[in-house]
Amino acid sequence: MEEPTITTPLLPKSSNHAISDQNSHLQSQLQVQAASKPINPLIPISISSPLKLSQSPYKCLAVIFSHVGPVSCLALCGEFLLSASNSKDITVWRQPDLNQFTKFGHGEGFVKALVAIGDRVFSAHQDRKVRVWKQVSRKSENAFRLIASLPTTKDYLERCLKQSNYMQTRRNHKRLWIEHGDSISCLAVHGEVVYSGSWDRTLKVWRMSDLKCLESIRAHDDAINGLMTHNGIVYSASADGKIKAWGKKNSPLKNNHCLLGVLISREGMSWNSIVTCGETGLDQNLLYAGGSDGHVAGWKCEMEKDKRVWKMVCDMKAHDMAVLSLCVVREFVFSGSGDKGIRVWKREEDGGLGRLGFIRGHEGPVRCLQACWYRREKGYVLYSGGLDKSLRVWWVPQQQNSQG
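Residues numbered from 1 in each chain as written. Predicted model: local features only at pLDDT ≥ 70, side-chain atom pairs only at ≥ 80, totals over all residues. Heavy atoms only, no water.

Trainee: Describe in detail a nonpolar patch on the surface, supporting the description with residues and values.
Mentor: Together, Leu 259, Val 262 and Ile 264 make up an exposed nonpolar region whose accessible area comes to about 230 Å². As for its placement among the helices and strands, Ile 264 is situated in the loop between strand S21 (257–263) and strand S22 (271–277). (Patch = residues over 30% accessible without salt bridge, like charges linked within 9 Å, V, L, I, M, F, W, Y side chains within 5 Å. Areas by Shrake-Rupley, 256 points an atom, 1.4 Å probe, with all protein chains shown as cover. Salt bridge = Lys/Arg side-chain N within 4 Å of Asp/Glu carboxyl O. Helix = DSSP H or I, 4+ residues; strand = E, 2+ residues; numbered from the N terminus.)

Trainee: Can you explain the environment of Ser 384? Please cite residues and give values.
Mentor: Its location among the elements puts Ser 384 in strand S31 (residues 379–386). On the accessibility criterion, Ser 384 (0% relative accessible area) is buried. Spatially, the C-alpha atom of Ser 384 lies 8.8 Å from that of His 362, the residues being 22 residues apart in sequence. In terms of polar contacts, Ser 384 uses its side chain to reach the side chain of Trp 394, at 2.9 Å. (Buried < 20%, exposed > 50% of the residue type's maximum accessible area, 1.4 Å probe, protein only. Polar contact = N/O pair within 3.5 Å; in protein donor to acceptor, adjacent residues only side chain to side chain.)

Trainee: How would you explain the side chain of Thr 91 if you had to name every residue and give the values?
Mentor: Mapped onto the elements, Thr 91 comes out in strand S6 (residues 89–94). Note on Thr 91: relative accessible area 1%, which makes it buried. Every residue in contact with Thr 91, bar those within four places of it in the chain, is listed here: His 67, Leu 81, Leu 82, Ser 83, Gln 100, Thr 102 and Lys 103. (Contact = heavy atoms within 4.5 Å.)

Trainee: Describe the pattern of salt bridges, naming the residues involved and giving the relevant values.
Mentor: Overall, the coordinates contain twelve salt bridges when judged by the stated rule. Between Arg 175 and Asp 200 there is a salt bridge whose closest N-O contact spans 3.7 Å. You can see Arg 175 sitting in strand S13 (residues 173–176) and its partner Asp 200 sitting in the loop between strand S15 (193–198) and strand S16 (202–207), a full 25 residues away along the chain. You'll find Arg 175 and Asp 200 in the same group, each marked buried. A salt bridge links Asp 210 to Arg 207; the nearest nitrogen and oxygen atoms lie 2.8 Å apart. Judged by relative accessible area, which is 32%, Arg 207 ranks as partly exposed. Overlapping salt bridges, with partners in common, bring together Glu 79, Arg 94 and Arg 138 in one network.

Trainee: Explain the sheet that holds strand S25 (residues 307–317) to me, using residue names and the numbers behind them.
Mentor: Reading across from one edge, S22-S23-S24-S25 is the order of the four strands in this open sheet, with antiparallel pairing throughout. Strands with a single pairing partner mark the edges of an open sheet, and in this sheet they are S22 and S25. Direction aside, the axes of adjacent strands within the sheet are offset by 20 degrees on average. Here ten bridges tie strand S24 (residues 295–304) to S25, and the two strands are oriented antiparallel to one another. The residue of S25 that forms the bridge with Trp 299 is Met 312. (Pairing = 2+ DSSP bridges. Axes fitted to C-alpha atoms, helices over the stretch in contact; angles between N-to-C directions.)

Trainee: Explain the sheet that holds strand S14 (residues 184–190) to me, using residue names and the numbers behind them.
Mentor: Read from one edge to the other, the open sheet built from four strands follows the order S14-S15-S16-S17, with strand pairing classed as antiparallel. Lying at the two open borders of the sheet, with one neighbouring strand each, are S14 and strand S17 (213–218). Between one strand axis and the next, the sheet turns by 20 degrees as a mean value, whatever way the strands run.

Trainee: Residues and numbers for the packing of aromatic side chains, please.
Mentor: Taken as a whole and judged by the stated rule, the model has seven aromatic pairs. When the ring of Tyr 235 is compared with that of Trp 310, the centres are 6.2 Å apart and the planes differ by 90 degrees; the resulting orientation is edge-to-face. Here Tyr 235, found in strand S19 (residues 233–238), pairs with Trp 310, found in strand S25; they are 75 residues apart in sequence, far enough to count as distant. Each member of the pair, Tyr 235 together with Trp 310, is buried. (Phe/Tyr/Trp six-rings, centres within 6.5 Å; stacked < 30°, edge-to-face > 60°.)

Written as structure tokens, this is what we have:
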């Protein structure tokens, strides 16, 4: 499939898609031919050349205020970008122009996490449910249909009559082990399995074919904030300051997940986000995590005497406040923080991170990140969602000089 081409940068022009004060200097240098009745809230802008916006190589392409609250999560779904906030609705944007395609949603509690695989979208909610959606149409109306909520009614009915399926959560209160007891904060997909992590400290495993819950693991001593999978291993990052690696034993009798390793950087901090690298020959089984102390740490997974070991390759002060989000695409790593900024990194051969630059523009903490590589334009489109209720689009050129 041919890659999409970015023809012109985009800037919003409507009451719901406003330009922030920090971008007023940019808007003043752009010439916009306003229509009497604009149809599309994102108006293409022609930038005259040369145009010296700043010394920064990063350009803001769009600022979108369409969510009623803070943007909580982003996910790439083929040609679409999905975004969600503290409402039940998930907004679908068509890449790269970010024309709004449709909205869908169901239930109570805002969306905490999104992950897409094929024609399916999994959404995690504050009401302790995982909802499964399927794209059934290319038309915007009813394009995504709800097909299940996890745990499914069938799974619940099969287990509710057996007392051994219940677990004690607090005094005089029990629930089925297939149910999460608190907000579901993160999701990950590997093969035919979906993983969900929750503030109830458990990691649950769901089979994609019939959406049945296979396992419930008491994974951490505090809330689980992030999940990622790589090479058959699922990594869980927690507020207890630990990152744990889970996998299956190579035995037909051992089908359940077991603990493979525990990664600790320092005491008294929380891991808020985690990413793995597996798209290029540089990945080397790398794992990066962002912490509440503003650090980004990295580990490399290696085999020693038929056993996996994780060696730390970097631990860098990245931000003045907590790192809330991470994103990796090819050799680039992006970190979003409570300091309202986005740090741009480039992976080095040994797995370390080299500083490239810093992106400013959000008026609140940067909660979520996603990015796409555009080969013909030799750069990346970076999407960022913030607690300032904005979705922002940035252009990041591939060729940059390291800051050391």
